[in-house]
Amino acid sequence: MPRVTDWSVDPETAEAEAKAVALFGHVSDLFAALGHAPTVLSGWIDLVRRLRTDLSVDPRLHELVVVRVAGSIGATYAETAHRRLALKAGVRQEQLDAIDLTATAQTSAEFDDTERAALLLAAKVAAATAGPDDVLTLMELIGERDATELLVIAAFYCCVGRITNALGVVPMGGG
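The sections below set out a description of the structure shown in this document. Computed from a predicted structure; not experimentally measured.

1. Quick notes on the overall build of the protein chain
In step 1: For the protein chain, the helix and strand inventory stands at nine helices and zero strands.
In step 2: Listed N to C, the secondary structure of the protein chain is α-α-α-α-α-α-α-α-α in terms of helices and strands.
In step 3: Against the 2.2 N^0.38 benchmark of 16 Å for 175 residues, the protein chain shows a C-alpha radius of gyration of 17 Å, consistent with a compact globule.
In step 4: For the protein chain, the spread of C-alpha atoms along the principal axes amounts to about 50 × 30 × 30 Å.

2. What about the nonpolar core?
In step 1: One finds Trp 44, Val 65, Val 69, Leu 150, Ile 153 and Tyr 157 to be the most contacted residues of the largest nonpolar core, which totals 41 residues.
In step 2: Only helix H1 (11-24), helix H2 (29-34), helix H3 (38-53), helix H4 (59-73), helix H5 (76-89), helix H7 (113-126), helix H8 (132-142) and helix H9 (144-167) provide two or more residues apiece to this core.
In step 3: A per-element tally of this core places H9 first, with nine residues.
In step 4: With sequence-adjacent residues up to four places away left out, Leu 150 is seen in contact with Val 57, Leu 61, His 62, Val 65, Ala 118, Leu 138 and Ile 142.
In step 5: Among the nonpolar cores identified, the runner-up in size contains nine residues, and Val 67, Ala 86, Val 91 and Ala 98 belong to it.

3. So, the layout of surface pockets
In step 1: One number sums up the size of the largest pocket: a volume of about 540 Å³.
In step 2: By volume, the second largest pocket amounts to about 150 Å³.
In step 3: Surrounding the second largest pocket, Leu 51, Arg 52, Thr 53, Asp 54, Leu 55, Val 57, Pro 59, His 62, Glu 63 and Leu 85 form its lining.
In step 4: Grouping the constituent residues of the lining of the second largest pocket by class yields five nonpolar, two polar and three charged.

4. Some details on the environment of Arg 49
In step 1: With respect to the secondary-structure elements, Arg 49 resides in helix H3.
In step 2: Each C-alpha atom, one on Arg 49 and one on Leu 23, is 7.6 Å from the other, the two residues being 26 residues apart in sequence.
In step 3: When residues no more than four places from it in sequence are discounted, the contact partners of Arg 49 are Leu 23 and Asp 54.

Each value, and the rule that gives it
- Residues numbered from 1 in each chain as written.
- Predicted model: local features only at pLDDT ≥ 70, side-chain atom pairs only at ≥ 80, totals over all residues.
- Heavy atoms only, no water.
- Helix = DSSP H or I, 4+ residues; strand = E, 2+ residues; numbered from the N terminus.
- Rg over C-alpha atoms; globule rule 2.2 N^0.38 Å.
- Core = buried A, V, L, I, M, F, W, Y, C linked by side-chain atoms within 4.5 Å.
- Buried < 20%, exposed > 50% of the residue type's maximum accessible area, 1.4 Å probe, protein only.
- Contact = heavy atoms within 4.5 Å.
- 1 Å grid on protein atoms, 1.4 Å probe; cavity = no way out; pocket = protein on both sides within 12 Å on 5 of 7 lines; lining within 4 Å.
- Points joined across faces, edges and corners; volume = space filled by probe spheres on them.
- Nonpolar A, V, L, I, M, F, W, Y, C, P; charged D, E, K, R; others polar.

Right under this line is the structure:
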């Protein structure tokens, strides 16, 4: 899939590039691929910013959910990026290793009850089998707001993975 290289083609495209650079310091390969649809890219950047910086949910849970979803659907771009972000957020390497054992991630001693419930929800969202009981279980542990935020994060990163895979977006350095 071709990437946008000339961001000056029109004002909307230039504005989307400026927004990406202002927020992230660069234009990622994903943003360059989405740059062909500058209205979409601009909204995407706004949503990513809000999901990364404006939520109340524990950043550790956020990153565990993203890594679980990305790994479940084969989204190497998101998984690679969010493994790094997870470590920065305080997730231990042993926890990331336990997620690799996807069949046992929800029962691993590396996770507490809240983390296990979040990982289970993430796995079910990725498999399109999540239901109200899965969300209610998490709500009982962390409250309605944080559980709803994690549900949206899980669903959004399913979208990210499907788009990055369809556009051939790979982690920096290949993948």
